[in-house]
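Chain and residue survey
Next come the chains, spelled out residue by residue.
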Amino acid sequence: MTSTSEKTVPGAADTAGDGPKAGRGRPVRHRDHTVPPWLFVVPALVVYGIVVLYPSLAGVVYAFTDWSGIGGFSFTGTENFRTLLDDGRALESVGNTLLLTIAVVVVQNGIGLLLALGVHTNIKSRAVLRLIFFAPAVVSPVMIAILWKYVYNPENGAGLNSLLGAVGLGGLRQDWLGDPSLALWSVAAMVVWQYAGYSMVVFLAGLQGVPVELHEAARIDGAGSLQRFRYVTWPLLAPALTINLMLSTIGGLKLFDQVYAATNGGPGTSSETLSTVLYKEAFVYGKFGYSTAVALVLALFVAAVSLVQLRYLRAREVTA
Amino acid sequence: MSTSMTLGTAAPGRGRRRPRYGQYVLELVMIAVAVVFLFPVYALITLAMKDPRQISESPLSLPSPPTFGNFGDAWSSASLGPALVNSTVITAVSLLLLIVLGSTGAYYLARCARGLGYGLYILFLLGIVLPFQLGMIPLYKLVDDLGWLGTYQGMVLFYTGIQLPFTVFLYTGFIRALPPDYAQAALIDGCNHRQAFTRVVFPLLRPITGTVIILNAVFIWNDFFTPLLYLGGSDKETVPVGIFAFVGQYVSDYGLVFAGLVLAALPILIVFVLLQRYVIKGFAGGLKG
C-alpha cells in the first residue's frame, strides 16, 4: 500500500533539498503532505466495483456457461461462441451493427461539420440555428424514435411521404421502416437527425480555437476559401474530429433504444443489432449465458475500435 | 491549445469585412436547412393540437382551431406527474452521489499519480470503454437479489456506478491542473484533509462540477434501457419508460400520443433553453478531457 505517501516517501528524498534554497518554488516534501489519504477513493471504488467491475467479470465468466438465469449452470467452453457462428440472426446483427455505425459516423459528422461551418460565420440567425440543431440531442432517444416512427409510417397524413408529396417529390415515397432493405438506413437517418447538432457543437468548439491570424495570413498569401479550409482549418480541427469520431462510433456500436423503439430489429431480422440480439436472448428467450457471450463480442468490438481510433487519430493532431 | 486564444484579437479582422451577398445566400440556405430539419417537430406540435377528425382530414395544415384537450388527457393517462417525480428523484440523488464520490475519489487519484493512485485511475478509465451490456445480466441478478427492482435505490446505485468512471475522469483532469498550494495552506493552518477538501478544494471545482451535472443529468434523465428492465410495470417508472408504455397503449390516437411526447420533452427542453450557454459548453468542453 502506498499510504506511506502520507509521510516522506523515499522518492521525495532526492528532491527534498530543493525546498529551502528554492524559496518560492514548490517544495516537494510539502507536496507529499497534500496527498490525501487513500480513504478518499474508497467509496467511489466500492460503488464502481459493485456496479461495473464485478458484473463485467461475472459476465465474462457466464459467456462460457449455459446459464439460464435460474438455478445452476455448467461450463460449456466455447460452445456459445460456436453457436454464435452458426446463428444467422446473430451474424446478421454483427453486419448490421457495423453498417449502422459506419453510416451514422460518416453522415452525422459530415453534416455536423457543414452545420458548424455554416453557423461559425457572421450570419444573423447563428445563435437560433445553433439552438435548433442541438436541441434534439438533449431529448430522450426513445421519444425521438417514437416521433420518427410516426414520420416514417406511410399511412400517416403528416409523415415524410406526405411531405415529399407536398413538395413534388412523390416519386421518392417509401415504406421507410417496413421495407427490409430500408429499415436499417431509416434508423440511421433518425439517429443522425438527433445527433448531427451534437457533432456540430464539438466542431464549433474546435473552430473557435482556430486563430484568425492564420486565416488572414493565408488570405494575404492568396489562398482561396477552400484552400484555407483544407490547409488551415481542417488540420486544427483534428482534436474535435477525434472526439466526434470516438463518440459516434462507440454510440453507434452500442445503439439500442432507437432500434428497440422504432423497429425492434424488424422487419424480420433486417435491423437487428448486437444490442437488440443480446437483449432478446436474455430477456425473451432466457439464454443468459449465450447473451453474455454476444455482449462479450460487442465489448471486444468497442474496445478494439476505440483503441485503434485513438491511436490513429491522436497521431494526426497538431497545435496552432 | 489555449495558447491559440491569446493570439486572437478577433474583433478587427471581423469588423473590417463588409457584409457580402454570399453571406445573405448562406443565411437563407441555413434557414432553409433548419426548416426541413424541423419538419418532425412541426408534425409533433401541430398533431398534438388537433382532434382525430382534424388529423384525418387536414393532417399537414396548421391546427384550426387548435385544441388543447389532448394535453390534459395525456397528462393523466400517461401518469406524467408521478413519472416526473420519479425521474427527478432518481436524477437528483444520483447526481449528488456522483458529485460526492467522483470529486473525493478523483482528489486522491489526481494528487497521488504514482503507484496505487495511477493503477486505480487506469482501472476507472477502463469503465469508460466497457459497454455496460457486458455486466448487464449479472448486475440485474444482483439488484434482483437485493430486492431493489422497482425501487429508487436500485436505479440510483446503477447510475452512480455506471457514470462514475466518466465523472472521475473529468474531475481528475481538472484537479491535476489545480495547484496543490491551496489545500497545502489549509493543512498548514490546521485543517485536516477532509476539511481542506470540503472548505477549500471543492469550491474551486465549481466549473467542472457544472459540466459533471449537465452531462450526467442529460444521460440519466433520458436513459431508457435499464429503467425499462428495473422499473417496468412498477409505480417508479421514469418519464421515458412511462411514455413508451403510454404510446404502446394508445398507439393509434396520435393527437394524444404526441401531446404526451410534447409534455414529456418539455421539462428538459426548457432547462436546455434557459441554460443553453452552459449546456453547450459542457457538451463541447467536457468531452475534451
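Residues numbered from 1 in each chain as written. Chains lettered and ligands numbered in written order. Predicted model: local features only at pLDDT ≥ 70, side-chain atom pairs only at ≥ 80, totals over all residues.

All names here are of chain B. Residues annotated by UniProt as "transmembrane region" (unreviewed entry) correspond here to residues 24-45, 89-109, 116-136, 156-179, 200-221 and 254-275. Between the end C-alpha atoms of residues 89-109 there is a gap of 30 Å, over a span that is 100% helix and 0% strand. Secondary structure over residues 116-136 splits into 86% helix and 0% strand, and the C-alpha atoms at its two ends are 28 Å apart. (UniProt positions renumbered as here; feature names shortened; annotations may be inferred. Helix = DSSP H or I, 4+ residues; strand = E, 2+ residues; numbered from the N terminus.)

Let us look at the interface of chain B and chain A. Counting residues at the interface gives 87 residues for chain B, matched by 85 residues for chain A. Residues that form the side of chain B that touches chain A fall into these classes: 64 nonpolar, 19 polar and four charged. (Contact = placed C-beta atoms within 7 Å. Nonpolar A, V, L, I, M, F, W, Y, C, P; charged D, E, K, R; others polar.)

What follows covers the UniProt feature "transmembrane region" (unreviewed entry) in chain A. Per the UniProt record, "transmembrane region" (unreviewed entry) is found at residues 38-64, 98-119, 131-151, 182-210, 231-250 and 288-308 of chain A. A distance of 31 Å separates the end C-alpha atoms of residues 98-119 of chain A, which is 100% helix and 0% strand.

This next bit is on the environment of Phe244(B). Within the secondary structure, Phe244(B) sits in helix 15 (residues 239-249). In the structure, Phe244(B) is positioned 17 residues away from Leu261(B) in sequence and 9.5 Å away in space, judged by C-alpha atoms. Apart from residues no more than four positions distant in its own chain, Phe244(B) is found in contact with Val142(A) and Ala261(A).

In this section: the domain arrangement of chain B. Residue and element names in this part refer to chain B. Along its sequence, chain B is organised into domain 1 (17-67) and domain 2 (71-288). On the domain 2 side, the residues contacting the eight residues of domain 1 number six residues. Only helix 4 (39-48) and helix 5 (52-57) provide two or more residues apiece to the side of domain 1 that touches domain 2. Top contributing element to the side of domain 1 that touches domain 2 by residue count: helix 4, with four residues. (Domains from an automatic or database assignment.)

What follows concerns the domain arrangement of chain A. Where interface size is quoted, it is often the accessible area lost as the parts come together. Residues and elements named next belong to chain A. When its domains are assigned, chain A resolves into domain 1 (3-35), domain 2 (39-79) and domain 3 (89-319). Summarising the inter-unit geometry, the C-alpha centres of domain 2 and domain 3 are found 31 Å apart. With 10 residues of domain 2 at the contact, the number on the domain 3 side is eight residues. Classifying every residue of the side of domain 2 that touches domain 3 gives five nonpolar, four polar and one charged.

Attention now moves to the packing of helix 8 (residues 141-152) of chain A against helix 4 of chain B. It is at 10 Å that the axes of helix 8 of chain A and helix 4 of chain B come closest, and there the two elements cross at 95°. Put simply, helix 8 of chain A runs roughly perpendicular to helix 4 of chain B. Touching Leu147(A), Trp148(A) and Val151(A) of helix 8 of chain A are Pro40(B), Ala43(B) and Leu44(B), all from helix 4 of chain B. Residues belonging to the contact of helix 8 of chain A with helix 4 of chain B are distributed by class as follows: six nonpolar, no polar and no charged. (Axes fitted to C-alpha atoms, helices over the stretch in contact; angles between N-to-C directions. Parallel < 35°, antiparallel > 145°, perpendicular 65-115°, else oblique.)

Look at the link from Gly266(A) to Pro267(A): it is a cis peptide, with omega at -5°. Along the chain, Pro267(A) falls in the loop between helix 14 (257-262) and helix 15 (274-283). Omega for the peptide link from Ser64(B) to Pro65(B) comes to -5°, which places this bond in the cis form. Secondary-structure assignment places Pro65(B) in the loop between helix 5 and helix 6 (69-77). For Ser79(B), which is not glycine, the phi torsion reads 45° and is therefore positive.

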